[in-house]
Amino acid sequence: NQLNKNLIERFSRQIVLKSIGTIGQNKIIYSKVLVIGAGGLGSPVVEFLSRAGVGNIGIVDNDKVSLSNLHRQSLYNTSDIGKSKVKIVKNKIRKINYNTKVKIYNTRLNNVNFKKIINDYDYIVDGSDNFKTKFLINDFCLKYKKFLVTGAISKFDGHIFTFDFKNKKLPCLRCFFQESQISDDILNCESEGILGTIAGIAGIIQANEILKKILNIGKNLNGYILILDLLNLEFRKVKIKKRKNCFCN
């Protein structure tokens, strides 16, 4: 489809890139992305996907904005405290890019509602802060063969995974984190602490991985974890092995 003059001007700095152009920009505009969690990771993900031109974004979160969120959750300000996160995000995105259709789900994910939600989207971003939700997202994306970008943050560190579940040879999140060996404490910003910038950096990398997948450009993280040590500025890609007795086999 032809981009109108307004869209060409809005996305001119992307369109000029040889690996994007007008064809790539149209792919972005017609993409459908579900973001789970509207917190430290979800805020920059939703913001930068809408700025890039993603046409349809779903956001799942049942939380309200609190004062302690503001140092790292970039879509909120002081006047938003006590209000529904997804409603605030929808209004903010409308002001950033009115062409992005935002569908909000003011709910906590479970086996029943996720099945109804996931089919409407091609790409899934996990910005959740607990392993129960992360495994639920992993399992549903595996079942429905969705492309998933998972993020986790703590202290000065970030972890990014991508899973292209159309490829049965690749590992899943359970291959890396075994349920019996983990605790949600490692994702708990309240007990472990988090420098605000870490959330922004990790979230923007998640958004970047989604855009690369939509455009089918660059190298991906399939089968790897990207480990960000932002205190010491060390970035590592570590291969994840597919476990023989894992759920994904």
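A short tour of the structure in this document, coming up. If you're wondering where the values come from, they're calculated on a predicted model, not measured in any experiment. (Residues numbered from 1 in each chain as written. Predicted model: local features only at pLDDT ≥ 70, side-chain atom pairs only at ≥ 80, totals over all residues. Heavy atoms only, no water.)

### Description of the packing of helix H3 (residues 21–29) against helix H10 (residues 196–215)
Phase 1 of the analysis: In contact at an axis separation of 9 Å, H3 and H10 are set at 120° when each is read in the N-to-C sense. Considered as vectors, H3 and H10 are oriented oblique to each other. Crossing angle aside, the handedness with which H3 passes H10 is right-handed. Only Leu211, Ile214 and Leu215 of H10 make contact with H3, whose side of the interface consists of Gly24, Lys27 and Ile28. (Axes fitted to C-alpha atoms, helices over the stretch in contact; angles between N-to-C directions. Helix = DSSP H or I, 4+ residues; strand = E, 2+ residues; numbered from the N terminus. Parallel < 35°, antiparallel > 145°, perpendicular 65-115°, else oblique. Left-handed = near helix turned anticlockwise from the far one by under 90°. Contact = heavy atoms within 4.5 Å.)

### Focus: H10
Phase 1 of the analysis: Taking 1.5 Å as the rise per residue, H10 with 20 residues should run 28 Å; its terminal C-alpha atoms sit 30 Å apart, in good agreement.
Phase 2 of the analysis: In the stretch just after H10, Asn216 is the one whose phi turns positive, near 55°. (Expected span 1.5 Å × (residues − 1).)

### Observations regarding the pairing of strand S3 (residues 101–105)
Residues in a regular strand point their side chains to alternate faces of the sheet.
Phase 1 of the analysis: Judged from the five bridges that link them, strand S2 (residues 56–60) and S3 form a sheet pairing that is parallel. Residue pairing for S3: Val60 is matched across the bridge by Tyr105.
Phase 2 of the analysis: Between the parallel pair S2 and S3, the chain is carried across by helix H5 (residues 85–96), and the sense of this crossover is right-handed. (Pairing = 2+ DSSP bridges. Right-handed = clockwise from strand over helix to strand, strands pointing away.)

### Quick notes on unusual backbone geometry
Phase 1 of the analysis: Even without glycine at this site, Lys155 takes up a positive phi of about 55°.
Phase 2 of the analysis: In this structure, Lys155 sits in the loop between strand S5 (147–154) and strand S6 (157–164).
Phase 3 of the analysis: For Leu233, which is not glycine, the phi dihedral falls at a positive 50°.
Phase 4 of the analysis: Accessibility expressed as a relative area gives 63% for Leu233, which makes it exposed. (Buried < 20%, exposed > 50% of the residue type's maximum accessible area, 1.4 Å probe, protein only.)

### Notes on the side chain of Ser50
Phase 1 of the analysis: Within the secondary structure, Ser50 sits in helix H4 (residues 42–52).
Phase 2 of the analysis: Here Glu47 takes part through its backbone oxygen, which lies 2.8 Å from a polar atom of the side chain of Ser50.
Phase 3 of the analysis: Leaving out residues up to four positions away in the same chain, Ser50 has contacts with Ile57, Ile93, Ile96, Asn97 and Thr100. (Polar contact = N/O pair within 3.5 Å; in protein donor to acceptor, adjacent residues only side chain to side chain.)

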